[in-house]
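Examining the three-dimensional arrangement
As a plain string of letters, each chain reads:
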Amino acid sequence: MRYRSTRGTGATLDFEQVTLAGLAPDGGLYVPEEWPHFSHDAIAALAGLSYAETAVRVMRPFVGDALSDDELRALCTQAYGRFAHRAVTPLAQLDERHWVLELFHGPTLAFKDVALQLLGLFFERFLSDRDTHLTVIGATSGDTGSAAIDALAGRAKVDIFMLHPQGRVSDVQRRQMTTVKAPNVHNIAVEGTFDDAQALVKAMFAEPAFARRFSLSAVNSINWARLMAQIVYYFYAAVRLGAPQRPVAFSVPTGNFGDVFAGYAAAKMGLPIARLIVATNVNDIVARALRDGDYSAGEVTPTAAPSMDIQVSSNFERLLFDLDADAVPGQMAAFANERAMRLTARQRAGAAALFTGVRIDADEMALAMRWACEGSGQVLDPHTSIGLAAARATELPANVPVVTLATAHPGKFRDAVERATGVRPGLPSRVGALFEREERYDVLPAELEAIKDFISARATSARSG
Ligand SMILES: *Cc1c(COP(=O)(O)O)cnc(C)c1O
């Protein structure tokens, strides 16, 4: 399998190269040259397999000859062995139609662990026989940062610099990042929003000299390997609910459009997905784009679901490219200049065939959280509750089960959950004594030169030349 950039220029890469690279040098995102196809029988054969074995089958065609079957199996077994539930991503039932897929049983309590635990192992494996020291830089609205730091802390040949918007992540999220002591971990609180932090990261990748000097790599969902790992749980859940005989719908709490794009990939690969519900909070750029074709950024409004508080949704570019590739470079240039662009007719029609965008406000979120708590005793986090509210607001054929992706453990957002339900969720013991440990991070202005200077002074690759 080879990968090309959504901006249409530059060489194609293999899986190992695309994993280490992250963002393409032309500013685009890597996508596979074609989608592998799983027949009805191949999907049926996934029934009853463990999560790790399902992961091997689903990811195999994307990985190509970068890893042997046995190597891939060993890495999946190691990554998913760290999850606190034997089913890795278990389904819980809310009523006769609604289910939640619990993606938060990893070490840092959000779905990001599912992909990042594996990505950390891919990095280590691919770097082991290279003379390269990677500098991973990322922007986080909370959960990517903690998951990436957990996955990379103490690993050889990697430094990680994680930018988070100062004061805009929850206490638990911040402490999960800033209390990690490994010397290869560097936390930066940026005086700005998540979008500012993400723009800074993109700007560093866009400077070839800087990117080369430090061997920059990405762990944000712009990294293809992350999306690939997320395709797995769509297959795993759908097969348990009757696929390939019965189609299944998914509702996905959405920010950067990575998780729901993995659902799109699963559908392209042949999984019978009746609908992908794109649930946003009031920061609804993607819901608007899907509804009106208007992709225009507003101001970020902080909400109880901070991991969805964004106005630029990077992975949306991958969808636009898949639906009408030729339009993308012009659209992205327009967006860079005016913070607005329009979808083409082909993009709108293609997206409407599978996606429904739904915007959920704070009251609707709280109502859904209470509905789940009172009706089935399930305590959901604010992000998941937004997904559930969107799922309940979407009309679907009666025989289609709807799976809401539970993207975070409620313990990660205890205050918001308590406000809505009166229940204060506990923190699972696997996160340890977060509130007793010392924090370590630097506060920097949202200015490119300041961030670059900081990284230059600390990255190991700089010291070794
Ligand atoms: C990252 C995150 C999201 C958004 O996922 P995207 O892939 O960026 O769309 C939703 N909920 C939680 C809890 C997250 O951490």
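Residues numbered from 1 in each chain as written. Predicted model: local features only at pLDDT ≥ 70, side-chain atom pairs only at ≥ 80, totals over all residues. Heavy atoms only, no water.

Defined as follows: UniProt positions are given in the numbering used here, feature names are shortened, and annotations may be inferred rather than shown by experiment.
The name given to the protein in an unreviewed UniProt entry is Threonine synthase, with Sphingomonas horti as the source organism. Among the UniProt annotations of the protein, the heading Cofactor (unreviewed entry) holds the following wording: "pyridoxal 5'-phosphate".

**Looking at the overall build of the protein**
How we decide: By the criteria applied, helices consist of DSSP H or I runs no shorter than four residues and strands consist of E runs no shorter than two, each listed in order from the N terminus. Just to be clear, the radius of gyration here is over C-alpha atoms, and the globule rule we use is 2.2 Å times residues to the power 0.38. Surface exposure here means Shrake-Rupley accessible area, sampled with a 1.4 Å probe, where a residue is shielded only by the protein chains that are shown. His residues and chain termini do not enter the charge count, which takes Lys and Arg as positive and Asp and Glu as negative. To locate a charge, the coordinates of NZ of Lys, CZ of Arg, CG of Asp or CD of Glu are taken.
Scanning the protein from N- to C-terminus turns up 20 helices and 15 strands. In terms of C-alpha radius of gyration, the protein reaches 20 Å, essentially the compact-globule figure of 23 Å for 465 residues. A principal-axis box enclosing the C-alpha atoms of the protein has dimensions of 60 × 50 × 50 Å. Accessible surface, the protein: about 16,700 Å² in total, of which carbon and sulfur atoms supply 48%. Once the 46 positive and 52 negative side-chain charges of the protein are each reduced to a mean point, those two points are 2 Å apart.

**With respect to the sheet that holds strand β8 (residues 216-218)**
What counts is decided by this rule: When DSSP finds two or more bridges between a pair of strands, those strands are recorded as paired. Fitted lines through C-alpha atoms give the axes, limited to the stretch in contact for helices. The angle between two N-to-C directions lies from 0 to 180 degrees. Whether two residues touch is decided by their heavy atoms; if any such pair falls within 4.5 Å, the residues are in contact.
One open sheet holds the five strands; their spatial order is β8-β5-β6-β7-β15, and the pairing between them is parallel. The strands lining the two open edges of the sheet, one partner per strand, are β8 and β15 (442-445). Each strand axis lies, on average, 30 degrees off the axis of its neighbour in the sheet, ignoring direction. Pairing geometry for strand β5 (residues 134-139) and strand β6 (residues 158-165), over six bridges, is parallel. Pairing of Leu134 across the sheet is with Val158, part of β6. Where helix α6 (residues 143-152) meets the sheet, it contacts β5, β6 and β7 (185-191), and its direction lies at approximately 165 degrees from that of β6. Of the strands in this sheet, β5, β6, β7 and β8 are in contact with helix α8 (residues 194-205), which crosses β5 at around 150 degrees.

**Some words on the side chain of Gln311**
Our working definition: We define a polar contact as two N or O atoms separated by no more than 3.5 Å, with the added condition that, inside protein, one atom must be a possible hydrogen donor and the other a possible acceptor, whereas residues neighbouring each other in sequence contribute only through side-chain atom pairs.
Note that Gln311 resides in the loop between β11 (294-296) and α13 (316-323). A distance of 3.4 Å separates a polar side-chain atom of Gln311 from the backbone oxygen of Glu299. If we ignore the near neighbours within four places in the chain, the residues touching Gln311 are Asp195, Asn283, Asp284, Ile285, Arg288, Ser296, Ala297, Gly298, Glu299 and Val300.

**Focus: the packing of aromatic side chains**
To keep it simple, the criterion reads: The criterion for an aromatic pair is that two Phe, Tyr or Trp rings (for Trp, the six-membered ring) have centres within 6.5 Å, with stacked assigned to planes under 30 degrees apart, edge-to-face to planes over 60 apart and tilted to the rest. Burial classes follow relative accessibility: with a 1.4 Å probe on protein chains only, a residue under 20% of its type's maximum area counts as buried, one over 50% as exposed, and anything between as partly exposed. Put simply, a charge is over a ring when the Lys NZ or the Arg CZ is close to the ring centre, within 6 Å, and near the line of the ring normal, within 35 degrees.
For the structure shown, the criterion picks out 22 aromatic pairs. Relative to Phe62, the ring of Trp35 lies with its centre 6.5 Å away and its plane at 80 degrees, an arrangement referred to as edge-to-face. Of this pair, Trp35 sits in the loop between β2 (30-32) and α2 (40-44) while Phe62 is found in helix α3 (residues 51-63), placing the two residues 27 residues apart along the sequence. In terms of burial, Trp35 and Phe62 fall into one category: buried. Taken together, the ring pairs connect Tyr3, Trp35, Phe62, Trp224, Phe257, Phe261, Tyr264, Tyr295, Phe316, Phe335 and Phe355 into an aromatic cluster. In this structure, Lys452 is placed above the aromatic ring of Phe210, and the distance from its NZ or CZ to the ring centre is 5.4 Å. Positioned above the aromatic ring of Phe454, the side-chain terminus of Arg458 is 3.8 Å from the ring centre.

**Observations regarding the UniProt feature "modified residue: N6-(pyridoxal phosphate)lysine" (unreviewed entry) in the protein**
UniProt annotation of "modified residue: N6-(pyridoxal phosphate)lysine" (unreviewed entry) refers to Lys112 when read in the numbering used here. Under the relative-accessibility criterion, Lys112 is labelled buried at 10%.

**Focus: the pairing of strand β10 (residues 273-280)**
Selection criterion: With its strands directed away from the observer, a crossover is right-handed exactly when the path from the first strand over the helix to the second travels clockwise.
Most of β10 sits out of view: seven of its eight residues are buried. Note that strand β9 (residues 248-253) and β10 share six bridges and pair parallel. Bridge pairing links Val248 to Ile273 in β10. Crossover β9 to β10 through helix α11 (residues 258-268) is right-handed.

**Remarks on helix α12 (residues 285-292)**
The element α12 is extensively covered by neighbouring structure, given that six of its eight residues are classed as buried. Here α12 has its buried residues at Ile285, Val286, Ala287, Arg288, Ala289 and Leu290. Summarising the contacts, the buried residues of α12 are in contact with β10, β11, α13, α14 (328-338), α15 (345-352) and β13 (355-359). Two residues or fewer past α12, Gly293 is found with a positive phi of approximately 75 degrees.

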